[in-house]
Amino acid sequence: MRPRRMLPTILIIALSLSSIPAGHSQAPIIITEQGFGLNRSSPLTIKIVFLGITENDLNSTYLMSNVTLPTLKYQTILAGPLNTGVVYNFRYQLVYADNSTVTSFAQYLRSIQKNETTTGTSAFINPYFTNSTTLLQARNVFYDADKVESWLASNMTLFGGNPVPGYTLFIADLHNFTIPSFTYSQYQAYNLRCRLCPPPSAIVTPHYYNRTSTDPDLGLVNTRHYMTGWGGSGRFYYMDLSAGPSYWTNELPVQVASQLRGVDTGSYYGKLWMSQFVGSYVFGAVYNLFAADQLYPVNYSQSYNIQLFVFDNRTLTEKFALPLSRTINQTRIQETLASLVPFARVTVKVNPADITDYPGLAGIVANATTKLIDPSIQRPIVDGNLVYRWLTTNGLGHVTSFINVTRTTSEIDVPGFLFAFKGNYTFGVPVKEDIASADPGRSFAGEALGDMVLIGLSQSDFILGNSTTPRQPSKGDGFTHATIHEMGHMVGLNHPFIYDLTEDFTDTVMGYYAYSLNYSQFDRDTFLRGVNDELLSFAQQTLSTVQNTVFNSGEILRAEQNIAQADKMYQAMNYSGAVPYSFAAAEAAYSAQQPAGSVISPSLVFGIIGVAIGVGIGVLLGYLIFRRRNHVGVQHNRCPTCQQPLRWDPVQMRWYCDTCQKPI
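Presented here is a report on the structure given in the accompanying data block. (Residues numbered from 1 in each chain as written. Predicted model: local features only at pLDDT ≥ 70, side-chain atom pairs only at ≥ 80, totals over all residues. Heavy atoms only, no water.)

### Quick look at the overall build of the protein
And step 1. Per the secondary structure count, the protein includes 17 helices and 24 strands.
And step 2. For the protein, with 664 residues in total, the buried portion stands at 58%.
And step 3. Within the protein, contacts between residues at least 6 apart in sequence are counted, and of these 75% link residues at least 24 apart.
And step 4. Summing over all exposed atoms, the protein offers an accessible surface of approximately 26,000 Å²; the carbon and sulfur share of this is 54%. (Helix = DSSP H or I, 4+ residues; strand = E, 2+ residues; numbered from the N terminus. Buried < 20%, exposed > 50% of the residue type's maximum accessible area, 1.4 Å probe, protein only. Contact = heavy atoms within 4.5 Å. Areas by Shrake-Rupley, 256 points an atom, 1.4 Å probe, with all protein chains shown as cover.)

Set out below in structure tokens:
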């Protein structure tokens, strides 16, 4: 699902080829691309609330320096990359919760505590602790993530409330507050490497935050037990540095990491180290959630029309066992997407069909069905490149047989092509690497490709419960979750974990681990901010080129008044309320730009927002980045030398290869 491989097509140009509906009350206007005009400043206050970490544990001066915490960030469109023109300026506030407040919080956690003891050979096993030669027991402790989030929300006044405008980041260290936690001695015992040692004796006592969700189509219950943070329903996020370790992030708890590195946290250097340790987590939350980048440009429209074409490519036996209609929930998709765009109308139409009803498409899918196996998940692949090339207007152009895509300020069409494959087939992109090597098949469940969505699930996904532990007979995963996720990408949203994996523990459908069906408050803010930024940037750039005359002074005044009102709401984080004023400002600025006495009415020339954005990106890129879903859900940029994943180094502000030991 993240950018991976370049397709030899210029997709974004296709997005700019839009029709202008006759007689509409508001017709098209050309909006210049973001990032090539005026910069917009977006100040954000970030309150960091420490729970169990005192002021004496840190060097606050060092923590607040720009060496440790980011002071500003230029927002980027990652499918470029391009600068959106938005500059985030961060102001940090540090709050240290008193001991009684932290004690009350710890008492609440113990009141909802659930215990589960596992061994290295039990049916239920903590995926991090799998070495049965040293593990005697894993005494796991779980806290309901949603309940913890609710407690923090209802007790926000204990910490001074939410900053406006801004976000709150809770950072906890609870290993000294009678919360069972993984210790350094447990780490040593578990990681003991000795052929002549006695039988396993390691007992580990980690704690985590957990949640359970159910697939809305086929009822598969998904347990997500090994989280170290949570947030997303409001403008705050919680992370517990003493929790874990989680197999999903492989990050050690702070009490283990410090001793493993021989750091005396009470020393002068220890406080600097602790500040850096905390700062790395703050960086991830700020970059991933509070000031997120866009995947594609965010575009304004009064109506978003989702057209989903669902093709049944299963055997007759599979079709009889499970009707296609049960695999997708049109209402749930519509309601979730509508929560993201409160200023617009959202329609979702599902068009189910047997693939044999479309011989041309059936033929290309048959040709794309390979015998290649992705060994990482042991599933054969259907070559997604061939199917996409057949559909896209930059390839063979058969998408027009299904839909004529419109992209205006009045209406944006978003097509999705969903395939129910036979057996356990999945989409993939065969590449030149050794098919027997790790990560060879580039398999993916869904892709948002800029001009359309491709999703491929199979009968094995629909009955996945038959092979889970414990078994969930006849239950599985349907198309709804993947569709909401990919449509989020199509309107500009990114994954919440690209700079730090901890934020994959967020209540958002854009993540992988939590299996949420919601867009988080961070998603909504990112999208609505982007809409306002697009409209206001256009209005401001247009006004900067317009000469005030007797003919247009009224429109200029109207534009300036609406800009001022929109900015006022924007700075107060009322992004939804700002949209109508931003739109009116863009309309008035465009009207002021028109020659006096023109026979073209301004109302007939306002419309295609994002057209020039599409052209600009298409011309600049020439290729659109092809993305896929990694089987473990985490993807990275790759080192050009060794092809290993890169990590982002916030100090050097560069990608770094740990294998080659050098910045890239």
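### What to know about the pattern of salt bridges
And step 1. Within the structure shown, the criterion is met by 8 salt bridges.
And step 2. Linking Arg 40 and Asp 533 is a salt bridge whose minimum nitrogen-to-oxygen distance equals 3.0 Å. Separated by 493 residues along the polypeptide, Arg 40 in strand β2 (residues 40-51) and Asp 533 in helix α14 (residues 521-544) bring together distant segments of the chain.
And step 3. By relative accessible area, Arg 40 is classed as buried at 5%.
And step 4. Assessed through its relative accessible area of 1%, Asp 533 is described here as buried. (Salt bridge = Lys/Arg side-chain N within 4 Å of Asp/Glu carboxyl O.)

### Things to note about unusual backbone geometry
And step 1. Each neighbour pair has its own omega, and for Gly 244 with Pro 245 the value is 10°, a cis peptide bond.
And step 2. Put simply, Thr 469 and Pro 470 share a cis peptide bond, and its omega is -5°.
And step 3. Looking at where Pro 470 falls in the secondary structure, it is placed in the loop between α12 (459-462) and α13 (479-490).
And step 4. The residue Asn 250 is not glycine, and still its phi comes out positive at about 60°.
And step 5. Position of Asn 250 among the secondary structure elements: in the loop between β12 (236-240) and α6 (254-260).

### Comments concerning the packing of helix α3 (residues 99-111) against helix α4 (residues 145-154)
Packed helices, taken two at a time, are described by the angle their axes make and the gap between the axes.
And step 1. At a minimum axis separation of 11 Å, α3 and α4 run at an interaxial angle of 150°. Taken as axis vectors, α3 and α4 run roughly antiparallel relative to one another. Relative to α4, α3 is oriented so that their crossing is right-handed. Seen from α3, the contacting residues are Ser 104, Phe 105, Tyr 108 and Leu 109; seen from α4, they are Lys 147, Val 148, Trp 151 and Leu 152.
And step 2. By residue class, the composition of the contact of α3 with α4 is 6 nonpolar, 1 polar and 1 charged. (Axes fitted to C-alpha atoms, helices over the stretch in contact; angles between N-to-C directions. Parallel < 35°, antiparallel > 145°, perpendicular 65-115°, else oblique. Left-handed = near helix turned anticlockwise from the far one by under 90°. Nonpolar A, V, L, I, M, F, W, Y, C, P; charged D, E, K, R; others polar.)

### Structural notes on the sheet that holds strand β19 (residues 446-448)
Backbone hydrogen bonds hold the strands of a sheet together, and the pairing may be parallel or antiparallel.
And step 1. The mixed open sheet is built from 5 strands, whose spatial order is β14-β13-β17-β20-β19. Edge positions in the sheet fall to β14 (345-354) and β19, since each of these pairs with one other strand and no more. Strand-to-strand twist in this sheet, taken as the mean axis angle between neighbours without regard to direction, amounts to 15°.
And step 2. Looking at chain direction, strand β13 (residues 303-313) and β14 are connected through 10 bridges and run parallel. By the bridge assignment for β14, Ser 303 is matched with Arg 345. (Pairing = 2+ DSSP bridges.)

### Some remarks on the sheet that holds strand β16 (residues 379-383)
And step 1. Read from one edge of the open sheet, 3 strands run β15-β16-β18, paired in mixed fashion. Among the strands making up the open sheet, the edge pair consists of β15 (369-374) and β18 (426-428). Strand-to-strand twist of the sheet, defined as the mean angle between neighbouring strand axes without regard to direction, takes the value 55°.
And step 2. Here β16 runs beside β18; their pairing, made up of 3 bridges, is parallel. Its bridge partner being in β18, Ile 381 is matched across the sheet by Thr 426.
And step 3. Of the strands in this sheet, β15 and β16 touch helix α10 (residues 359-368), which is tilted by about 40° from β15.
And step 4. Docked against the sheet, helix α11 (residues 384-391) engages β16 and β18, running at close to 25° with respect to β16.

### Focus on the environment of Asn 313
And step 1. Tracing the backbone shows Asn 313 in strand β13.
And step 2. It is 6.8 Å that separates the C-alpha atoms of Asn 313 and Asp 354, two residues lying 41 residues apart in sequence.
And step 3. If sequence neighbours within four positions are ignored, Asn 313 has contacts with Ile 355, Val 365, Ala 420, Phe 421 and Lys 422.

### Brief notes about the packing of aromatic side chains
Given two aromatic rings, their pairing is described by the distance between the two centres and the angle made by the two planes.
And step 1. One pass over the structure, following the stated rule, counts 52 aromatic pairs.
And step 2. Judged by centre distance (4.7 Å) and plane angle (5°), the ring pair of Tyr 167 and Phe 290 falls under stacked. Of this pair, Tyr 167 sits in strand β7 (residues 166-172) while Phe 290 sits in helix α7 (residues 268-290); the two residues are 123 residues apart in sequence, bridging distant segments of the chain. With respect to burial, Tyr 167 and Phe 290 carry one shared label: buried.
And step 3. Judged by centre distance (5.1 Å) and plane angle (80°), the rings of Tyr 287 and Tyr 499 are edge-to-face. With Tyr 287 in helix α7 and Tyr 499 in the loop between α13 and α14, the pair connects residues that are 212 residues apart, well separated along the chain. (Phe/Tyr/Trp six-rings, centres within 6.5 Å; stacked < 30°, edge-to-face > 60°.)

### What about the nonpolar core?
And step 1. Counting 136 residues, the largest nonpolar core has Leu 51, Ile 171, Tyr 209, Tyr 238, Phe 290 and Phe 527 as the members making the most contacts within it.
And step 2. Per-element tally for this core: the top contributor is α7, with 12 residues.
And step 3. Excluding anything up to four places from it in sequence, Ile 171 contacts Ile 48, Val 49, Phe 50, Leu 51, Ile 53, Met 239, Leu 241, Val 278 and Val 282.
And step 4. One finds Val 382, Phe 402, Ile 403 and Phe 421 within the second-largest nonpolar core, a separate group that totals 26 residues. (Core = buried A, V, L, I, M, F, W, Y, C linked by side-chain atoms within 4.5 Å.)

### Observations regarding the side chain of Arg 211
And step 1. On the secondary structure map, Arg 211 appears in strand β9 (residues 207-214).
And step 2. Of the side chains with opposite charge, Asp 507 comes closest to the buried, unpaired Arg 211, at an N-O distance of 4.1 Å.
And step 3. Looking at Arg 211, its side chain comes within polar contact range of the main-chain oxygen of Ala 514, at 2.9 Å.
And step 4. Residue contacts for Arg 211: discarding those within four places in its chain leaves Asp 146, Asn 222, Thr 223, Arg 224, His 225, Met 227, Trp 230, Asp 507, Ala 514, Tyr 515 and Ser 516. (Lys, Arg positive; Asp, Glu negative; His and termini not counted. Polar contact = N/O pair within 3.5 Å; in protein donor to acceptor, adjacent residues only side chain to side chain.)

### Structural notes on α11
And step 1. Within α11, burial applies to Gly 384, Val 387, Tyr 388, Trp 390 and Leu 391. Considered in projection along α11, the buried side chains sweep an arc of 160° and stay on one side of the axis.
And step 2. One side-chain oxygen of the residue at the start of α11 lies 2.9 Å from the amide nitrogen of Asn 385, identifying that residue as Asp 383. (Arc of directions from axis to C-beta.)

### Side note on the pairing of β12
And step 1. Most of β12 sits inside the fold, with 5 of its 5 residues counted as buried.
And step 2. Across 3 bridges, strand β11 (residues 229-231) lies against β12 in antiparallel orientation. Note on β12: the bridge partner recorded for Gly 229 is Met 239.

### Digging into helix α9 (residues 330-340)
And step 1. Of the positions making up α9, those classed as buried are Ile 333, Thr 336, Leu 337 and Leu 340. Along α9, the residues classed as buried sweep out an arc of 95° about the axis, all on the same side.
And step 2. Packed against the buried residues of α9 are β13, β14, α13 and α14.
And step 3. Between the side-chain oxygen of the N-cap and the backbone nitrogen of Thr 331 there are 3.3 Å, and the N-cap of α9 in question is Asn 329.

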